[in-house]
Amino acid sequence: MVEKKVSAENINYFYGGNQALRDVSLGVPAHSVTVFFGPAGGGKTTLLRLINRLNDMVENTRMTGRILLDNKNIYDEDVDVAILRRRVGMVFALPLPLPGTIRENVTYGLKLAGMRDGHRIAEILEKSLVQAAIWDEIKDRLDSPASSLSGGQQQRLCIARSLALEPEVLLLDEPTSGLDPISTRKVEDSLQELKQLYTIIIVPHSIQQAARVADQAAFFLMGDLIEYRPGTEIFTTPRDKRTEDYITGRFG
Amino acid sequence: MGARHLSLNWASSLSSKIAGLVPGRKGKPPPPAGRSYVEFLIESSIRVLGFSTIGFVLLIFFFLLREGLPIFREVAPANLFGTRWYPTFDLFGTLPLIIGSAYVTVASIAIALPLGVATAVFIREVAPHWTREVLKPLIEVLAGIPSVVLGFFGMHVLAPLVRTTMDVPTGLTAFTGAVLLAYMALPTIISVAEDAIDTVPRSYRDAALAMGATHWQTIWRVVVPAARSGIATAVMLGMGRAIGETMAVMMVTGNAARMPISLNSLFMPVRTMTATVAAEMGEVANGSVHYHSLFGIGIILFILTFLINIVAATAIFKKRHRGGLR
């Protein structure tokens, strides 16, 4: 068995009285693309947000169980959340460039982390924009406002912004939901390159996308993890009736 | 207008739907006897009330102009905008009053802005739920304290404190007034700034946090900048409140109509426009030059407040229409 980069162990999660995750356990191998998919309200985004502790700020929630990153529980008392979030980057459904220029958007996280070395910052800026497959389009206008980019470019900029911090794990929450097919293709292609360097967990915006990018896939339904198997198997020969119904479009 | 039409249409379409559901009746039922008459009565009385409010405001404005405008003919501009306000010697220099008002207002904003924004940030971003629930109504109550009570507090607590700590001859100074005004502007600034911070989408916070920003970095570098137009509006509204305030200011600023030119005039008495009008209006002969000059001050004050409100309203308008980063 391959070493697990991220493992969830018996996660139960509640928003007030509603249970969003029910005893979920799974392990994510390093350097691969793991897909969380299923109908809305299944808990996939919640689980994603738990992996970099973004839900800490949400009031009136409760969690039991453990999430391990390199076999260390990220909910332990001695974990610095800011440092954890640098190790576990996240890209959201809507492209959210912060106010400011393209350059500022990418280097912002580095500056927050206390990096001052100008050469190093410039190096990382270029590298992460190249990795996010947007460098060629914007290299001549790094100092124009990020809001002047198209939606697809903004989303790839946000990916670059996460990559700039050189995270170990990259979480993507429907990163292509607002994008046109060409931009979607570019993002998906870059995922295949990025998994050499990072561990990627993605909530795709369609089953087709799930099938295209997945090394392994987990099917979530109403807070339950129904099935978690390699992508080549789960989308062709699902074991569970509910997975099959969802994949073949009988509900969803 | 639009909303009323809409609701009328909605009501009639509803009644026709109901009519359709009832078997044996076709089309729109006739209105019950007398209903349209009552409807007409209510509608027209609402209209009369609405228009009369506008009418009263216009009348007040015309009155202000009628009584105030003559001063600009009766007194030479050089005198009117001179530095000496001695109406008994026919010296009507309003400059010390205008600058006095500006001085106190700007100083009060300088005090209230950091305090107000910090409080708004605390309530919205830092305070636990129960603290927020206690603080918000408390701040509303703060807005309800009558200004004369604050003035009283200023005279007997704040002024002696200023006098002894700053070692100045009197505690009735521009600074004392500024502190009181800051206190009065705070509730406005806090609640408007808090609303502005509240409208910053959670996704902005998420984006910053996901980049490894700490809570404080997120607030200071993302949330507050994203809310800055709302915060600017808050300050404008607070400023409008401060510049028009009379009673508390009159009680604690000493009311000496001298030019506050140097920085240490912050700790000397000043006289504001509002205090001048309030103090002198009771004593002037109706229709005299002095009487007109007080109304002239009223016009100047009106224009200033109007400008500030317009700037604030434009900021709100822009904010609504820009979308995205609200």
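So, how was this worked out
- Sequence order as written defines residue numbering, which begins from 1 separately in each chain.
- Both sets of labels track the order of writing: A upward for chains, 1 upward for ligands.
- Residues qualify for local features only when their pLDDT is at least 70, as the model is predicted, and side-chain atom pairs are given and counted only at 80 or more; totals for whole chains, interfaces and linings, by contrast, use all residues.
- Processing note: side-chain calculations cover all non-hydrogen atoms of the structure and skip hydrogens and water entirely.
- Helix and strand definitions here come from DSSP, where helices need a minimum of 4 consecutive H or I residues and strands a minimum of 2 consecutive E residues; each element is numbered from the N-terminal end.
- Atoms counted for the radius of gyration: C-alpha only. Globule rule: 2.2 Å times the number of residues to the power 0.38.
- In what follows, residue pairs with any heavy atoms lying within 4.5 Å of each other are defined as contacts.
- Surface accessibility in these figures is a Shrake-Rupley result with a 1.4 Å probe; residues are shielded only by whichever protein chains are displayed.
- Within this scheme the basic residues Lys and Arg register as positive and the acidic residues Asp and Glu register as negative, but His and the chain ends are omitted.
- Charge positions are represented by NZ for Lys, CZ for Arg, CG for Asp and CD for Glu.
- One side-chain nitrogen of Lys or Arg within 4 Å of one carboxyl oxygen of Asp or Glu is enough to make a salt bridge.
- Throughout, exposure labels follow a simple rule: accessible area from a 1.4 Å probe, protein chains only, divided by the maximum for the residue type, with under 20% read as buried, over 50% as exposed, and the rest as partly exposed.
- Only strands joined by at least two bridges in the DSSP assignment are considered to pair.
- Note on geometry: axes are C-alpha line fits, over the in-contact stretch for helices, and angles between N-to-C directions span 0 to 180 degrees.
- Working definition: rings of Phe, Tyr and Trp (its six-membered ring) pair if their centres are within 6.5 Å, and the pair is stacked with planes under 30 degrees apart, edge-to-face with planes over 60 apart, and tilted otherwise.
- Pairing of N or O atoms within 3.5 Å defines a polar contact, subject to two protein rules: one partner must be a possible hydrogen donor and the other a possible acceptor, and residues neighboring in sequence count only if both atoms are side-chain atoms.
- Note that Gly is not counted as nonpolar here; it falls among the polar residues with everything else outside the nonpolar set of Ala, Val, Leu, Ile, Met, Phe, Trp, Tyr, Cys and Pro and the charged set of Asp, Glu, Lys and Arg.
- For the domains described, the bounds stem from an automatic or database domain assignment.
- The term buried area refers to how much accessible surface (probe radius 1.4 Å) is lost by two components on association, counted for both of them together.
- Any angle that is under 35 degrees is reported as roughly parallel, and any over 145 degrees as roughly antiparallel; angles of 65 to 115 degrees are reported as roughly perpendicular and all others as oblique.
- Throughout, a crossing is termed right-handed when the near helix is turned clockwise from the far one, and left-handed when it is turned anticlockwise from it by less than a right angle.
- Joining through side-chain atoms within 4.5 Å is the link that ties buried Ala, Val, Leu, Ile, Met, Phe, Trp, Tyr and Cys residues into a set, and such a set is a nonpolar core.
- Patch building starts from residues that exceed 30% relative accessible area and form no salt bridge, then joins like charges within 9 Å and nonpolar side chains (Val, Leu, Ile, Met, Phe, Trp, Tyr) within 5 Å.

**What to know about the overall build of chain A**
Then, in step 1: A tally of helices and strands in chain A yields 10 helices and 10 strands.
Then, in step 2: Taking 2.2 N^0.38 as the reference for a compact globule, 252 residues should give roughly 18 Å; the C-alpha atoms of chain A span a radius of gyration of 18 Å, in line with that estimate.
Then, in step 3: Each principal axis of the C-alpha atoms in chain A carries an extent, and together these give about 50 × 45 × 35 Å.
Then, in step 4: Considering only contacts in chain A between residues 6 or more positions apart, those separated by 24 or more positions represent 67%.
Then, in step 5: A total of about 11,100 Å² of accessible surface is found on chain A, and carbon and sulfur atoms cover 50% of it.
Then, in step 6: Computing the positive centroid from 30 side-chain charges and the negative centroid from 33, chain A places the two 1 Å apart.

**Observations concerning the pattern of salt bridges**
Pairing is possible between side chains that carry opposite charge, provided their charged atoms lie close to one another.
Then, in step 1: Evaluation of the coordinates by the stated rule reveals 33 salt bridges over all chains.
Then, in step 2: The shortest N-O distance in the salt bridge between Arg229 of chain A and Glu227 of chain A comes to 2.9 Å. Just as Arg229 of chain A is buried, Glu227 of chain A falls in that class too.
Then, in step 3: Between Arg47 of chain B and Glu43 of chain B there is a salt bridge whose closest N-O contact spans 3.7 Å.

**Thoughts on the sheet that holds strand E6 (residues 88-91) of chain A**
Whether parallel or antiparallel, the strands of a sheet pair through hydrogen bonds between backbone atoms.
All names here are of chain A.
Then, in step 1: Ordered in space as E6-E7-E8-E3-E9-E10, the 6 strands form an open sheet in which the pairing is mixed. Looking along the sheet, the strands with just one partner apiece sit at the ends: E6 and strand E10 (224-230). Across the sheet, the mean angle from the axis of one strand to that of its neighbour is 15°, orientation sign disregarded.
Then, in step 2: By the bridge criterion, 3 bridges tie strand E3 (residues 33-37) to strand E8 (residues 199-203) in an arrangement that is parallel. Opposite Val35, over in E8, you have Ile202 as the bridge partner.
Then, in step 3: Each of E6 and strand E7 (169-173) touches helix H6 (residues 151-164); the most contacted strand, E6, lies at about 170° to it.

**Observations concerning the packing of aromatic side chains**
All names here are of chain A.
Then, in step 1: Under the defined criterion, the tally for this structure stands at 14 aromatic pairs over all chains.
Then, in step 2: With a centroid separation of 5.2 Å and an interplanar angle of 45°, the aromatic rings of Phe37 and Phe219 are classed as tilted. Placement of the pair is Phe37 in strand E3 and Phe219 in strand E9 (residues 216-221), with a sequence separation of 182 residues.
Then, in step 3: Its relative accessible area of 3% is what places Phe37 among the buried residues.
Then, in step 4: A network of ring pairs unites the aromatic residues Phe37, Phe219, Phe235 and Tyr246 as a single cluster.

**What to know about the interface of chain B and chain A**
Then, in step 1: The partner chain A presents 23 residues to the 18 residues of chain B that form the contact.
Then, in step 2: In this structure, the connection of chain B to chain A is made through 2 salt bridges.
Then, in step 3: Where Asp206 of chain B meets Arg49 of chain A, a salt bridge forms, and the shortest distance between an N and an O atom there is 2.8 Å.
Then, in step 4: Inspection of the region where chain B meets chain A yields 4 residue pairs in polar contact (both at pLDDT 80 or more).
Then, in step 5: Those elements that place two or more of their residues in the side of chain B that touches chain A are helix H6 (129-143), helix H9 (202-210) and helix H10 (215-226) of chain B.
Then, in step 6: With 7 residues, H9 of chain B is the single largest residue contributor to the side of chain B that touches chain A.
Then, in step 7: Partitioned by chemical class, the residues of the side of chain B that touches chain A number 8 nonpolar, 6 polar and 4 charged.

**Thoughts on the domain arrangement of chain B**
One frequent convention defines the size of an interface as the accessible area lost when the parts assemble.
All names here are of chain B.
Then, in step 1: You can read the domains of chain B as domain 1 (2-74) and domain 2 (77-322).
Then, in step 2: The interface is formed by 11 residues belonging to domain 1 together with 11 residues belonging to domain 2.
Then, in step 3: Both sides together, the interface formed by domain 1 and domain 2 hides about 1,000 Å², and carbon and sulfur atoms give 82% of it.
Then, in step 4: Put simply, domain 1 and domain 2 have 0 salt bridges between them.
Then, in step 5: For the interface between domain 1 and domain 2, the tally reads 2 residue pairs in polar contact (both at pLDDT 80 or more).
Then, in step 6: Elements with a minimum of two residues in the side of domain 1 that touches domain 2: helix H2 (35-68) and helix H3 (71-74).

**Describing the packing of helix H5 (residues 95-126) of chain B against helix H11 (residues 228-244) of chain B**
Residue and element names in this part refer to chain B.
Then, in step 1: At a closest axis distance of 10 Å, the pairing of H5 and H11 adopts a crossing angle of 140°. Taken together, the axes of H5 and H11 lie oblique to each other. Viewed along their axes, H5 and H11 form a crossing whose handedness is right-handed. Every residue of H11 that contacts H5 at Thr105, Ser108, Ile109, Leu113 and Val117 is listed here: Ile231, Val235, Gly238, Met239, Ala242 and Ile243.
Then, in step 2: For the contact of H5 with H11, the class distribution of residues is 8 nonpolar, 3 polar and no charged.

**Here's the deal with the nonpolar core**
Then, in step 1: Counting 128 residues, the largest nonpolar core has Val35, Phe36, Phe37 and Leu129 of chain A as the members making the most contacts within it.
Then, in step 2: Core analysis: the next-biggest nonpolar cluster, separate from the first, contains 17 residues, Tyr103, Val104, Val162 and Ala242 of chain B among them.

**Some details on the pairing of E10 of chain A**
Residue and element names in this part refer to chain A.
Then, in step 1: Taken together, the 6 bridges between E9 and E10 define a ladder with antiparallel strand orientation. Looking at the pairing, Ala217 lines up with Arg229 of E10.
Then, in step 2: The antiparallel pairing of E9 with E10 creates a hairpin that spans 2 residues between the two strands, and Met222 there sits at a positive phi of about 50°.

**What to know about H9 of chain B**
Residues and elements named next belong to chain B.
Then, in step 1: Across the 9 residues of H9, 7 count as buried, placing the element largely inside the fold.
Then, in step 2: What H9 keeps buried is the set Tyr204, Arg205, Asp206, Ala207, Ala208, Leu209 and Ala210.
Then, in step 3: Remark: Gly212 follows H9 within two positions and exhibits a positive phi of approximately 90°.

**Remarks on a nonpolar patch on the surface**
Then, in step 1: A contiguous nonpolar patch, built from Tyr37, Val38, Phe40, Leu41, Ile42 and Ile46 of chain B and spanning about 650 Å² of accessible area, is present on the exposed surface.
Then, in step 2: By relative accessible area, which is 56% here, Tyr37 of chain B ends up exposed.

**Quick word on the sheet that holds strand E2 (residues 18-29) of chain A**
Residue and element names in this part refer to chain A.
Then, in step 1: The strand order across the open sheet formed by 4 strands is E2-E1-E4-E5, and the pairing between neighbours is antiparallel. In this open sheet, the two strands that pair with only one neighbour each are E2 and strand E5 (72-73).
Then, in step 2: With 2 bridges connecting them, strand E4 (residues 61-69) and E5 associate as antiparallel partners. Residue Leu68 lies in a different strand from E5, and its bridge partner there is Asn73.

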